[in-house]
Structure formats: structure tokens, C-alpha cells
Amino acid sequence: MEHRSWLQIQSGKSEGKRWQIPPGRSSIGRAMSSGLRLRGAGVSRTHVELRMSERHIEVRDRGSKNGVFLDAARLESGWHILSHGQRLEVGEVQLLFCSPDGLVEAALAGEGTNTRTLTRARLTERPYSSLGWPLGLAGVFFLLSWLFWR
């Protein structure tokens, strides 16, 4: 399964920037070696670690002094699975986790919503299926013209 998930920076100096999460393991922090380098108060050198498995993306705190918050709850030790729309707080920087697979799942799981498949008419289809009335109109025009010019 190919993931095309990303983190969108919601606050700080790089607000609006998107970071595509690479396969395998990667880190977030202020170190030069970090996959996503963040500058902001409270960000450790190697603050967060991400790992991508075949089914999901997981996150864990790398023992940072200020901790990592997932939807305003401080992460305990160990790995935590990320879901589309969850917010990570790394120091004072807020990140939004986005996953196209999660977008589809969220849309299908919505309660009280209806989905409808719309189809387009083919370009070859015409509103009038026969040429009977246009030819009849042309015939009437021809007949009137012939009578007038006679």
C-alpha cells in the first residue's frame, strides 16, 4: 500500500508548508538531520519520530523535554497511530496530519450523508433523437420560399 500522507504546518515561521512523509522512519526536530526541520520555541533537536508501515503511520515522542501533543493530549511512551485530521503539537509549532486514504474513509463514514454518482451525457447524444422535425421545418421553409418567388 502506497502512502501519500503529509504534515501541514499550521503555525510558526513555516506556516502553510507541506511535508510529504517518506517511507520508513523519519524525524521531526530542529537538528539538521531531521526530515522535517522545525524552528520554534520548545522544539528539541530530535523531538518526534515517525514510522510508516504498510497499513498506517505512527508517531512517538523521542524523550523531548516539552513533550508531543496529539489532539491536545500529551503522548505517553510508545508508538501512536495517526489518523487523518489529527493535530500534532511540537513545541509551539502545530502540525496537521493529512492522508488521502483518510479523506475517503471520513467521507464514507459520515453519518446522515448521501452520496450520488453523477454521469455526463455523451457528446454524441442530442436532445432530439430524430431529424424529423428539423427536416420538416426545412421543407416548410422551402415550400414557402417557392410559393413566394413563383
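The structure presented is a predicted model; accordingly, all values stated were derived computationally and were not measured.

On to a nonpolar patch on the surface, then. A surface patch of nonpolar side chains, amounting to about 650 Å² of accessible area, comprises Val140, Phe142, Leu143, Leu144, Trp146 and Leu147. By secondary structure assignment, the location of Leu143 is in helix α2 (residues 132–149). Since its relative accessible area comes to 47%, Leu143 is described here as partly exposed.

Strand β6 (residues 57–61) sits mainly inside the fold: four of its five residues count as buried. By the bridge criterion, five bridges tie strand β5 (residues 48–52) to β6 in an arrangement that is antiparallel. Of the residues in β6, the one forming a bridge with Leu50 is Val59. Adjacent in sequence and paired antiparallel, β5 and β6 are bridged by four residues. In terms of strand pairing, β6 meets strand β9 (residues 80–81) through two bridges, oriented antiparallel. Pairing of Glu58 across the sheet is with Ile81, part of β9.

Okay, the environment of Trp6 next. Checked against the element boundaries, Trp6 lands in strand β1 (residues 6–9). Given the relative accessible area of 14%, Trp6 is considered buried. Placed 92 residues apart in sequence, Trp6 and Cys98 show a C-alpha to C-alpha distance of 5.4 Å. Discounting residues that sit within four places of it in the chain, Trp6 has contacts with Arg18, Trp19, Gln20, Ile21, Leu96, Phe97, Cys98 and Pro100.

Our next topic: the sheet that holds β1. A sheet is described by the order of its strands in space; here six strands give the open sequence β2-β1-β11-β10-β7-β8, paired in antiparallel fashion. This sheet does not close on itself; its edge strands, each paired only once, are β2 (18–20) and β8 (73–74). Looking at chain direction, β1 and strand β11 (residues 93–98) are connected through four bridges and run antiparallel. The partner of Leu7 across the bridge, within β11, is Phe97.

Calculation notes
Residues numbered from 1 in each chain as written. Predicted model: local features only at pLDDT ≥ 70, side-chain atom pairs only at ≥ 80, totals over all residues. Heavy atoms only, no water. Patch = residues over 30% accessible without salt bridge, like charges linked within 9 Å, V, L, I, M, F, W, Y side chains within 5 Å. Areas by Shrake-Rupley, 256 points an atom, 1.4 Å probe, with all protein chains shown as cover. Salt bridge = Lys/Arg side-chain N within 4 Å of Asp/Glu carboxyl O. Helix = DSSP H or I, 4+ residues; strand = E, 2+ residues; numbered from the N terminus. Buried < 20%, exposed > 50% of the residue type's maximum accessible area, 1.4 Å probe, protein only. Pairing = 2+ DSSP bridges. Contact = heavy atoms within 4.5 Å.

The values are spatial; any link to function lies outside them.
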